Amino acid sequence: MHVTKSRAFAFAFALALTACSGSDGANGAQGPQGPAGQDGAAGGQGPAGPAGTDGKNLSATAEPESCSVCHRDAGSEHQAVYKSFTDGLDPATSKLAATIVGVTSAAEVDAGGAPTGKFTWTVEFTMSKNGIAYNDDTPIKDSSGKVTSPALGATQQKTVYYTKYDLANKGFPTGPSTAPNSISFGTWTRIGDGRYTAVKKGVASAFDAAVNAMVYAYFGDTLVMPVKGHYNLMDNVASVSKVFGTIDYVSTANVAGCEKCHPAPYSKHGYRQARVAGLNDFVACKACHTDQRTGSDHGWQVLADDPAAFAAGIDPVSGEFVPNDAQKAKYDYDATVMNDTHMSHAMEFEYPQSMANCATCHEGKLANILTDAKFTLTTCKSCHPVTGPTPPVAGRAPALASLLGTPTLAPVHPWDLYTFTGACNLCHSTGGVAKVFSKIHTGYDSAIYSDNAGTKYSDSIKANIDSASFDAASNKLTVAFSVSGAATGALVKPTVVMSLYGYDTKDFIVTGHGSQADGKRNLEWAEGASGNSPRLTVVPGAAALSWVATADLTTWAAKLADGSVKRLEIGILPNLGANQTAAIQTDPTKAGYNPYIAIAGQTRTFDLVAKALVADSASYGKAIVAAAKCNSCHDALGTTFHSPAYGSAGVVACRLCHVPASGGSHLEMQSRSIDSYVHAIHSFQAFDVKGINFADSVQKMRYGLTIESTYPNFTILNCDSCHNAGTYGVPDQSKSLFGVLSASAVNATWDRSIGAVPSVVTGPGSRACGSCHRAAMINEDAAGHLASFDAHTATFGTRLANDTGVLDAAIAKIMALFK
């Protein structure tokens, strides 16, 4: 488990500055000097220049960004880098191909020619690239310079495994390098045009083609970007297999589940493929993750169970957690596909949904995993820590101790589960005295799904904006809305937010979530909230589950009059409990616990000039990203942050509050706008750095783990993973507003190179595109690179010290260019 800093920012910075600039041509020769010209007559007095800045109102210096001159194709170039990687994962488009020819073995003899009882196994394979024999004669040398293999030194990945299969028990019972059951080959030799061998010496028996077994191999050529941690993203890979006898293993998981978040075709670490021709899904993974392989990533369980012990065990040189002997014994486990997948996602990675949502990976196969036979301590401990930290880590699987009793798990479970070897399913089984597995875990997140058949609440319970009208004389907007599909007598509590678009752009110049001098929200209302806007009232309608909202826009009458506001967005974000007829109560320790469920909200654009609702297809900026793409990983936005209502109406609803006019309160040196916020979050910039105590080993460790996390596409360059096609280029400045970036965090316990960076007003390119690059530099504490990047965006755009009125004046000046 890596906790050290990578240097991937160098690649990000290079992309930021050189994304699409072509190289300049050579200078021409110096021409002959012309004759001196005569002096011209003195010119008249020019007009007075503009007033100088006073140190506060710097908007006079606001200029449009010129990003698109050099970086107009930056987004598509980012995507092209990612595509060059994923194209190489697909056998249909990869330029690299390989074939396993066969396996042979030969008896070994000692120096005197006598048999040793050992055998040398040889796998022969072929490789080609672009249909031409692949010949890599680059030798592989050890640290002393000694040649250890005569070929394939330039090939980034080359691995060949042999693994036996237990047909009777449907499993792979032994770990790697336990020959002759599992063998990892080496000593690469080119024996002909595109033909190679890999060898393993000292095997205890001869190769037998009648034994049920497989050879699985994978190869990869050149890297498309620098290595980060465990990830190698290559231009082309080739994964091949050869089966001897029968391998009929069928996994209970689906490769399609991995591909919801990860690149497709799914390849662990970017090159180890889960789907290989000739093998069922995930069988290739079993070449390494056999059923009895001793696990080596004890840090996963230590991190979940005892974060202080994990922090204390980090080697200061390598940055890796190094378990001691006691921890190895206490957290001993088998590195099966289940254990390594469950543990890494439940304990290490920033997994964006509940681990109880088993259907994400096991869709259609829940009956195979929630059986009595699967209810074992091994299964439970693959997701749950035993004792766990206090307080528990939000969003992670709760500790078994908190679920089953006291820290010693008594009296119902009076065993030490660190050492317990009994069978949970003696009691937890059909006809037993305790709940069966499927009663404890349905396989579906109960906040998202209404049943155990995969039906989402949001498919049937939906908010609807039924009508809207505007009286220009009184500046009042009236909106009728309702919620359909809920149970009879359902207690739906709607939140209503309205935000005003500025200058016909996609951005809001007034957010309903903001406040006025009265301390109340601009245009936001939620039942029972103390900050409800007096400018927005919501009353029940004539029918059940219907309401009428009235917004008074008089506060912004001047903006309506001068045309700087012509449209607004209406957001209906409904709240409902799992018991639909009871009040929501989110504290599970109290009576009446009734958590939120994820139902569907709605947003609609209203044209204040035409006095009519506008179709989404006719409203610029509403199709930049697709909520369905977000939910490939999150399943339902808002269930693991905020509350389900906030994610109920897609990203446009998020933008009602996340506007460019505010700096990021949780994210330093970023805007609160959704483009800046989401880019920084998915670049794993840490939240609320100001409040982290870096003198505390656990807090410091968690910060390090956060910033070293990797977007599940193994790189942030896959813009298509969230965006609709063609919506991730340099922002159109006539359709996107200037915004505010927050200042750098001030933290007395943090020894870092980045110093005091003030809050600034900047352009949409620096705010949105720059967010990823700034996050990488902040994470790496690359003060020099960050200063250079900020200077670059200032030189080719605007970077003004933020102060009262600066943003509004800068927006007015820039947007005047586009009338």
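Residues numbered from 1 in each chain as written. Predicted model: local features only at pLDDT ≥ 70, side-chain atom pairs only at ≥ 80, totals over all residues. Heavy atoms only, no water.

### Side note on the overall build of the chain
Along the chain, the regular secondary structure elements total 21 helices and 26 strands. In terms of overall dimensions, the chain is globule-like: its C-alpha atoms have a radius of gyration of 31 Å, near the 28 Å expected for 819 residues. Seen through its principal axes, the chain has C-alpha atoms that stretch 105 × 95 × 50 Å. Within the chain, the proportion of its 819 residues that are buried is 48%. Summed over all atoms, the accessible surface of the chain reaches about 37100 Å², with 55% contributed by carbon and sulfur. The positive charge centre, built from 61 side chains, and the negative charge centre, built from 68, are 2 Å apart in the chain. (Helix = DSSP H or I, 4+ residues; strand = E, 2+ residues; numbered from the N terminus. Rg over C-alpha atoms; globule rule 2.2 N^0.38 Å. Buried < 20%, exposed > 50% of the residue type's maximum accessible area, 1.4 Å probe, protein only. Areas by Shrake-Rupley, 256 points an atom, 1.4 Å probe, with all protein chains shown as cover. Lys, Arg positive; Asp, Glu negative; His and termini not counted. Charge placed at Lys NZ, Arg CZ, Asp CG, Glu CD.)

### Some points on the packing of aromatic side chains
Applying the stated rule across the entire model yields 24 aromatic pairs. Between Tyr165 and Phe172 the ring centres are 4.9 Å apart and the planes differ by 50°, which places this aromatic pair in the tilted class. Side by side, Tyr165 and Phe172 carry an identical accessibility label, which is buried. Considering the side-chain rings of Phe694 and Trp750, the 5.0 Å spacing of their centres and the 15° angle between planes classify their relative orientation as stacked. Of this pair, Phe694 sits in the loop between helix H17 (674-682) and helix H18 (697-707) while Trp750 sits in the loop between strand S24 (739-741) and strand S25 (760-762), and the two are 56 residues apart along the sequence. (Phe/Tyr/Trp six-rings, centres within 6.5 Å; stacked < 30°, edge-to-face > 60°.)

### A few points about the pairing of strand S19 (residues 536-540)
Summarising the sheet, S19 and strand S20 (residues 546-552) pair through five bridges and their orientation is antiparallel. Counterpart to Leu536 in the pairing with S20 is Ala551. Hairpin connection between S19 and S20: a loop of five residues separates the two successive antiparallel strands, and Leu545 in this loop has a positive phi of roughly 55°. (Pairing = 2+ DSSP bridges.)

### Things to note about the sheet that holds strand S14 (residues 462-471)
Strand order in this open sheet of four strands is S14-S15-S20-S19, and the pairing throughout is antiparallel. Each edge of the sheet is formed by a strand with only one pairing partner; in this case those strands are S14 and S19. Shown here is a sheet whose adjacent strand axes are inclined to one another by a mean of 20°, direction ignored. (Axes fitted to C-alpha atoms, helices over the stretch in contact; angles between N-to-C directions.)

### As for the packing of helix H19 (residues 764-779) against helix H20 (residues 783-795)
The geometry of H19 relative to H20 is characterised by a closest axis approach of 10 Å and an angle of 165° between their N-to-C directions. Taken together, the axis directions place H19 and H20 in an arrangement best described as roughly antiparallel. Here H19 and H20 pass one another in a crossing that is right-handed. Across the interface between the two elements, Ser766, Gly770, His773, Arg774, Met777 and Ile778 from H19 touch His785, Leu786, Phe789, Asp790 and Thr793 from H20. (Parallel < 35°, antiparallel > 145°, perpendicular 65-115°, else oblique. Left-handed = near helix turned anticlockwise from the far one by under 90°. Contact = heavy atoms within 4.5 Å.)

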